[in-house]
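Inside the fold
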There are 2 protein chains.
Amino acid sequence: MLDRDRCLVRNFKYYCALDETEAELLAALEKTPQNVSNAQMLWEENHPADTLCVLSEGWAYSYRSMDDGTRQILNIFLPGDLVGLGDLSPRRHLTSVAMLTEGVICRFPLTNLTDIFTTSPKLTTVLFSLAGQQQAIMAERLVNMGRRTAREKVAHFICEMHLRLSKTCPNITHRFNLPLSQQVLADVLGLSAVHVSRTFSELREEGLLYRERNRINIPDLKAFYEVANFSDAYLSDSVDELLKMSEKGNNGVGLR
Amino acid sequence: MLDRDRCLVRNFKYYCALDETEAELLAALEKTPQNVSNAQMLWEENHPADTLCVLSEGWAYSYRSMDDGTRQILNIFLPGDLVGLGDLSPRRHLTSVAMLTEGVICRFPLTNLTDIFTTSPKLTTVLFSLAGQQQAIMAERLVNMGRRTAREKVAHFICEMHLRLSKTCPNITHRFNLPLSQQVLADVLGLSAVHVSRTFSELREEGLLYRERNRINIPDLKAFYEVANFSDAYLSDSVDELLKMSEKGNNGVGLR
DNA sequence: CGAAGGATTGATGAGCTTCAAGGATAGTGG
DNA sequence: CCACTATCCTTGAAGCTCATCAATCCTTCG
């Protein structure tokens, strides 16, 4: 298996050493790489939820369709993300998921996840932390939607993307690729596409942000963070903290 | 220990049979009941996150404060809820949590959680599902904020509360208590308190919803669901599905 | 080259916020 | 028991942010 097909293992190794069993459990999640085209659906709302998937390459997004034809995008997924964790509990998917670019995904059955629970507390802890991170991202987006102007919304979201990208791909600079149309951005931020366009114009005229096609350019990142009221706390991963606790062992209740 | 102090055990028993060890693990989370007054803070943004808590009695809410003095409420917690699960991964709390009524809480250290991971896959699965449910609630609220009118927002939120209440307290009717001021509702929904008031007036004039002090009255629940565009799918708990998988045992990788 | 999707810009108006003032209700201390 | 205060709610008036509709342009791609 090529290394690029095992980004999940790579991701997890970033958090903790893996023994052979653990590496095997993770690798099992990426056994079935599959090419997907741009705009391809990974699954649809209300369909049975028996598999999740690892997004090995490419970008994806989850959304809910509204009766009036509009939609709300809930999450943007980057390479290495585990897609569907939040969708996990109900027997049917609550959201649709589609690709934003072409890419590679690896589907795996839910049972692989419960296998991890029964086999590796360490991986379970990491998984819990990852789910927590996704929830933190959603919480921040709630704040964004509820209490910020269009200008701040756009800026804040761009900051979020930039920071998330720079975690998995540390050589990112103030210029980077963001394969989202203005309509997609509008559906993320609860705005109209027209107003997103106007907001970009405004930011461009002030020299804060340039965007041509999917290329983003932020001349002064610090200034831009201020426009966005962006604080990176919610994206700081501290999986290690929780892991340390878990490794200290349990406190004497119910020995294994 | 009184039964009312062990609502978590009760909640979990609703999902699955507990053996002695498991009951003990859960009971450990509720060993330190503590009375709290209305409006009391349970913790504050940026403070160290070394404990979570079970909300045994009363209502609470989590929120983020903005620089301009406004705030966004992220979550409303009801009796029996586990508070802080979403806040879990970072070493500092990302949100503040305060009481909406007086009540009883039980704080417990994070290590209790990792103990559960290492000791009981079954409880781990339930915990994962609970976290997923909280995330589903936030996702739905995102949709609410992004793509619905004030009228729908208010109605939808009331529906959510009504349904969540009726899960833990099945004898609830079309009249129930909702201890949230209009300012709190506004901070949940990303509206101004003034507009929440106007929206209530509107709904009242149409005979759809009556509210006096904290008492809610919905004469025709079905009609009200339609105003709200409310679908209860996202609140349907199907912990059992995941549990069944987990109990079928693992697929031969890394025996325990 | 024509078609289709994406972006921009202008005009108009709805929906919501803000400010301000007044009324209702509950709790507090004299 | 009654002012006194604090909190919550209501209502009006004014204005701003953003949505909607529509026309145009630009780019890409078959």
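Residues numbered from 1 in each chain as written. Chains lettered and ligands numbered in written order. Predicted model: local features only at pLDDT ≥ 70, side-chain atom pairs only at ≥ 80, totals over all residues. Heavy atoms only, no water.

**As for the protein's contact with DNA strand D**
Close to DNA strand D lie 17 residues; Ala150(A), Ser192(A), Gln182(B), Arg198(B) and Arg211(B) are nearest. One of the backbone nitrogen or oxygen atoms of Ala150(A) is found 2.9 Å away from a phosphate oxygen of DNA strand D. Here a base oxygen of DNA strand D sits 3.1 Å away from a polar atom, N or O, in the side chain of Arg198(A). Listed by contribution, the elements that provide at least two residues to the surface near DNA strand D are helix H7 (193-205) of chain A together with helix H7 (193-205) of chain B. (Near = heavy atom within 4 Å. Polar contact = N/O pair within 3.5 Å; in protein donor to acceptor, adjacent residues only side chain to side chain. Helix = DSSP H or I, 4+ residues; strand = E, 2+ residues; numbered from the N terminus.)

**Side note on helix H3 (residues 110-119) of chain B**
The buried count for H3(B) comes to 10 of 10 residues, which makes it a mostly enclosed element. For H3(B), the complete set of buried residues consists of Leu110(B), Thr111(B), Asn112(B), Leu113(B), Thr114(B), Asp115(B), Ile116(B), Phe117(B), Thr118(B) and Thr119(B). (Buried < 20%, exposed > 50% of the residue type's maximum accessible area, 1.4 Å probe, protein only.)

**Description of the protein's contact with DNA strand C**
Near DNA strand C you find 16 residues, and of these Gln182(A), Arg198(A), Arg211(A), Ala150(B) and Ser192(B) are the closest. Backbone atoms, meaning sugar and phosphate, form 55% of the atoms of DNA strand C found within 4 Å of the protein. At 2.9 Å, a backbone N or O of Ala150(B) approaches a phosphate oxygen of DNA strand C. Take Ser192(B): an N or O atom from its side chain is 2.8 Å from a phosphate oxygen of DNA strand C.

**A closer look at helix H8 (residues 221-228) of chain A**
All names here are of chain A. For H8, the full list of buried residues reads Phe224, Val227 and Ala228. For H8, the arc enclosing every buried residue in end-on projection is 95°, short of the 170-degree limit, so these residues lie on one face. Away from its buried face by more than 90 degrees, H8 exposes Lys222 and Glu226. Against the buried residues of H8 lie helix H5 (150-168) and H7. (Arc of directions from axis to C-beta. Contact = heavy atoms within 4.5 Å.)

**Looking at the environment of Met66(A)**
Note on placement: Met66(A) falls in the loop between strand S4 (60-65) and strand S5 (71-77). The contacts of Met66(A), once residues within four sequence positions are left out, are Arg71(A), Val143(B), Arg147(B) and Arg148(B).

**Brief notes about the environment of Thr125(B)**
Mapped onto the elements of the fold, Thr125(B) is located in helix H4 (residues 121-147). Thr125(B) sits in the buried class, given a relative accessible area of 0%. Separated by 70 residues in the primary sequence, Thr125(B) and Leu55(B) place their C-alpha atoms 20 Å from one another. Not counting chain neighbours up to four residues away, the residues in contact with Thr125(B) comprise Phe117(A), Leu242(B), Leu243(B) and Ser246(B).

**What to know about the relation of the copies chain A and chain B**
Rotating chain A by 180° about the axis while translating it 0.0 Å along that axis superimposes it on chain B, leaving an RMSD of 0.0 Å. Both copies of the chain, as the preceding transformation shows, are related through a two-fold rotation axis. (Least-squares fit on C-alpha atoms with pLDDT ≥ 70 in both.)

**What to know about the sheet that holds strand S3 (residues 51-57) of chain A**
Residue and element names in this part refer to chain A. With antiparallel pairing, the 4 strands of this open sheet are ordered in space as S1-S8-S3-S6. Looking at the sheet topology across the chains shown, the edges are occupied by strand S1 (33-36) and strand S6 (82-83). Direction of pairing for S3 relative to strand S8 (residues 103-109): antiparallel, over a ladder of 6 bridges. Bridge pairing links Cys53 to Arg107 in S8. (Pairing = 2+ DSSP bridges.)

**Here's the deal with the domain arrangement of chain A**
Residue and element names in this part refer to chain A. As far as domains go, chain A holds domain 1 (1-10 + 17-119) and domain 2 (121-245). Averaged C-alpha coordinates put domain 1 and domain 2 at centres separated by 21 Å. With 24 residues of domain 1 in contact, the opposing surface of domain 2 contributes 23 residues. For the domain 1 and domain 2 pair, buried surface summed over both sides reaches about 2,200 Å², with 64% attributable to carbon and sulfur atoms. When the buried surface of domain 1 facing domain 2 is broken down by residue, Trp59, Ile76 and Leu78 rank first, second and third, together holding 24% of it. For the pair domain 1 and domain 2, the interface holds 3 salt bridges. A salt bridge links Arg71 to Asp187; its shortest N-O distance comes to 2.6 Å. (Domains from an automatic or database assignment. Buried area = accessible area lost by both parts, 1.4 Å probe. Salt bridge = Lys/Arg side-chain N within 4 Å of Asp/Glu carboxyl O.)

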